[in-house]
Amino acid sequence: MKVLFKTLFLAFAAVLVVACGDSTAKEEPYTGDYYGDYDVVVPVGTKSVFVTYETASGQTTTTEVAVDPQVVVPNDGKDVEPFGKVHFTFVSAVPSVANVYYVIYGKKVALLDNAVINTKVSAATKASNVTVKLSEPKEYVTGDLGYTYYHSSGVVMFEDSWPSSSRVDGKKYDSDFNDCIIDYDVEAVVVPDALLASEGWREQVKAVIHVRVTGAQAPWRVGMILEGFDQQYVESISDYKTLDSWQNPHGELPSWTVGTLQENSLHYESNPLRPCIEIGGLQRLNDPNRGAGTEEYTRIDDKGTMHKTVFNTRVNNYWTAPKTEQYDAALADITTPATLAYVQSQTFYNAIPGYVNVDGGLYTYTVIYHMKPRAEMSPEESAKALKNMIDAVNVTTNQNFYIVNNDFSPVGLKGYQPVDFAVKEKATGYKPRYDQVFAANTDKLDATIPYYSKGGQVWAFKSPTLTKHVWNKMYFSDAYPYYESWVDSNGSTNTDWNTKEVNNLYLTCWW
């Protein structure tokens with residue numbers, strides 16, 4: 001079982017600018033006086049994105065741009081990923097900036113903020129794959145151009161049963177892929193060359209993970225590795241543990257999280273080419289004795305409305321009855337793979353119909369890598385440092401994720417190398433435990449591809465932002481019947497798998 005995503009978009013009345021993905025590049029001269037080249041990571045299946053910029057009259061202009069992001073099929077055992085690259089070349093009569101976002105389920109998701117357009121066009125300059133000409137843009141002087149923000153975000157869903165891929169043995173592979181679910185975001189802040197001397201200290205790479213679901217008792221930890229993000233270019237590191245975004249927290253975390261989630265939210269750089277951020281203590285979200293179901297806290301939403309709640313509304317019967325508006329009444333008629341009564345008897349966090357904490361916010365761990373000043377580097381070294389930052393965002397196969405079970409066995413994505421650094425409780429790291437489990441299960445596991453069974457099963461996958469997960473003990477394939485064929489085709493067929501005959505009966509509510 002494997003999983004990915006194709007997005008839905010709001011339709012605008014007309015496509016104002018036609019653009020193409022990497023596979024249909026056209027070589028045409030620029031038509032503006034200034035340009036800016038940018039690559040952005042766009043979910044596969046996305047039909048259009050939106051470019052916004054300010055005009056000289058102070059109005060904001062939004063232009064819909066048709067895109068066709070092309071997936072890059074990995075050649076090292078990894079599955080095809082749900083993201084493709086689209087190249088933008090912005091042109092403008094004057095130095096200016098633009099933003100790019102896409103829309104999913106009515107929500108805007110940023111791809112590129114404050115893209116600086118200030119390189120003078122020469123006669124030899126040629127356009128790349130996507131050209132967007134700004135009409136009557138506001139002119140910015142060099143000192144006002146600001147900083148460009150690159151974004152890459154998504155969801156990772158896990159099974160905790162590795163190395164088992166059986167639905168009948170003691171460690172059941174129930175393929176609901178909600179034993180642990182995190183939302184993540186990677187952002188790079190890049191300063192224009194003209195401002196590096198004075199503003200270069202602002203450059204950074206920010207890695208964020210939010211704990212959305214813990215649908216089992218076994219996962220104790222979840223982490224993200226930024227493969228190849230070279231720490232030689234990092235000057236310092238700061239981190240934050242908050243309720244939702246660290247820049248816009250929606251209240252204070254309850255005190256029970258201090259000695260559990262917060263104390264075990266850590267970053268590791270012992271392997272300088274595989275820095276990692278990790279949240280531990282996940283089992284406490286399902287623990288009736290540690291406050292997740294008893295200690296009230298107040299979340300303040302974006303409208304200023306206050307919501308008093310606990311993290312896990314099911315674990316100690318904080319809600320005495322399920323919120324039936326959260327799920328389809330037809331679930332009561334389901335007997336396979338599990339009955340509604342059985343599922344509702346469980347106490348897992350945000351995986352039980354009627355007990356999703358829609359107003360409670362998510363525990364969030366943010367780590368910011370502050371970069372060394374590129375103004376003090378040679379041009380060649382500065383270019384390497386810049387690429388190092390942008391690749392952390394745009395090369396999605398550099399974003400590696402894992403969970404750790406209560407026996408310290410790490411469970412990861414197909415084809416990705418297991419974590420190999422030292423951790424708080426085990427000085428030798430997780431890799432020896434991986435090797436031990438693998439050696440004892442060579443009859444079940446692929447000999448060359450990590451986290452891949454001989455039967456073709458996986459234990460984790462990535463999805464684009466806002467992908468819904470299934471209720472506990474429900475099969476992911478019952479909700480998304482065309483996902484597996486999408487992966488098996490390396491992204492060439494059923495690109496609409498997330499909308500094609502999707503059965504929302506099995507899918508969780510929004511929050």
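Residues numbered from 1 in each chain as written. Predicted model: local features only at pLDDT ≥ 70, side-chain atom pairs only at ≥ 80, totals over all residues. Heavy atoms only, no water.

K.L.:
Lay out the pairing of strand β1 (residues 34-43) with the relevant residues and their values.
P.N.:
The buried fraction of β1 amounts to 8 of the 10 residues, a majority that puts the element mostly inside the structure. In the sheet, β1 pairs with strand β4 (residues 83-92) via 10 bridges, with the strands oriented antiparallel. In the sheet register, Tyr 35 faces β4, and the bridge partner there is Val 91. Pairing of β1 with strand β7 (residues 119-120), which is carried by 2 bridges, proceeds in the antiparallel orientation. (Buried < 20%, exposed > 50% of the residue type's maximum accessible area, 1.4 Å probe, protein only. Helix = DSSP H or I, 4+ residues; strand = E, 2+ residues; numbered from the N terminus. Pairing = 2+ DSSP bridges.)

K.L.:
Describe in detail unusual backbone geometry, supporting the description with residues and values.
P.N.:
Residues other than glycine predominantly adopt negative phi, and peptide bonds predominantly adopt the trans conformation. The omega angle of the peptide bond from Trp 162 to Pro 163 is 10°, so this bond is cis rather than trans. In this fold, Pro 163 is placed in the loop between β9 (148-158) and β10 (180-190). Not every positive phi belongs to a glycine, and Phe 177 is a case in point at roughly 50°. Considering the arrangement of structural elements, one finds Phe 177 in the loop between β9 and β10. One non-glycine residue, Asn 317, lies in the positive phi region at around 55°.

K.L.:
Tell me about the confidence of the model for the protein, and please be specific about residues and values.
P.N.:
Summary statistics for the protein give a mean pLDDT of 89 and a share of 91% for residues scoring 70 or more. Confidence over residues 1-27 falls short of pLDDT 50; this stretch has 105 contacts with residues more than four positions distant or in other chains. (pLDDT = per-residue confidence, 0-100. Contact = heavy atoms within 4.5 Å.)

K.L.:
Summarise the pattern of salt bridges; cite the residues concerned and give the values.
P.N.:
In the structure shown here, the tally under the stated rule is 19 salt bridges. Note that Lys 462 and Glu 81 form a salt bridge whose closest N and O atoms lie 3.1 Å from each other. Separated by 381 residues along the polypeptide, Lys 462 in strand β21 (residues 460-463) and Glu 81 in the loop between β3 (60-66) and β4 bring together distant segments of the chain. Here Lys 462 matches Glu 81 in class, with each residue buried. If you follow the salt bridges from partner to partner, you end up with Asp 193, Glu 203 and Arg 374 in one network. (Salt bridge = Lys/Arg side-chain N within 4 Å of Asp/Glu carboxyl O.)

K.L.:
Give me the pairing of strand β5 (residues 96-104): which residues, what numbers.
P.N.:
Most of β5 is tucked away: 8 of the 9 residues are buried. Bridging between β5 and strand β6 (residues 107-117) involves 8 bridges; their strand directions are antiparallel. Counterpart to Val 100 in the pairing with β6 is Leu 112.

K.L.:
Explain the sheet that holds β7 residue by residue, including any values.
P.N.:
The 4 strands lie next to each other as β7-β1-β4-β8, forming an open sheet whose pairing is mixed. On the outer flanks of this sheet lie β7 and β8 (131-133), each paired with one strand and no other. Across 3 bridges, β4 lies against β8 in parallel orientation. The partner of Thr 89 across the bridge, within β8, is Thr 131.

K.L.:
Can you break down the sheet that holds strand β20 (residues 410-412) residue by residue, with the values?
P.N.:
The antiparallel open sheet is built from 5 strands, whose spatial order is β14-β15-β12-β19-β20. Single-partner strands in this sheet number two, and they are β14 (265-268) and β20. Going across the sheet, the axis of each strand differs from the next one's by a mean of 20°, ignoring polarity. (Axes fitted to C-alpha atoms, helices over the stretch in contact; angles between N-to-C directions.)

K.L.:
An account of the nonpolar core is requested, with residue identities and associated values reported.
P.N.:
In terms of nonpolar packing, the biggest core is built from 125 residues, with Phe 88 and Phe 90 touching the most fellow members. Among the elements that line this core, the one with the most residues is β10, at 7 residues. Ignoring anything within four residues of it in the chain, the contact list for Phe 90 reads Tyr 34, Tyr 35, Gly 36, Tyr 38, Val 51, Ala 98, Val 100, Leu 112, Ala 115, Ile 117, Val 132 and Leu 134. (Core = buried A, V, L, I, M, F, W, Y, C linked by side-chain atoms within 4.5 Å.)

K.L.:
Describe the packing of aromatic side chains, listing the residues and the values that go with them.
P.N.:
Taken as a whole and judged by the stated rule, the model has 23 aromatic pairs. Geometrically, the ring pair formed by Tyr 173 and Trp 459 is edge-to-face, given 6.2 Å between the ring centres and 80° between the ring planes. Note that Tyr 173 is positioned in the loop between β9 and β10 and Trp 459 in the loop between α5 (431-439) and β21, a separation of 286 residues in sequence. With a relative accessible area of 3%, Tyr 173 lands in the buried category. Among the residues examined, Trp 459 registers a relative accessible area of 0% and is labelled buried. Ring centres of Trp 256 and Phe 311 lie 5.8 Å apart, and the angle between their planes is 85°; on these two criteria the pair is classed as edge-to-face. Taken together, the residues Trp 256 in the loop between β13 (234-243) and α2 (258-262) and Phe 311 in the loop between β17 (306-309) and α3 (340-344) connect sequence positions 55 residues apart. Phe 311 carries the same exposure label as Trp 256, and that label is buried. (Phe/Tyr/Trp six-rings, centres within 6.5 Å; stacked < 30°, edge-to-face > 60°.)

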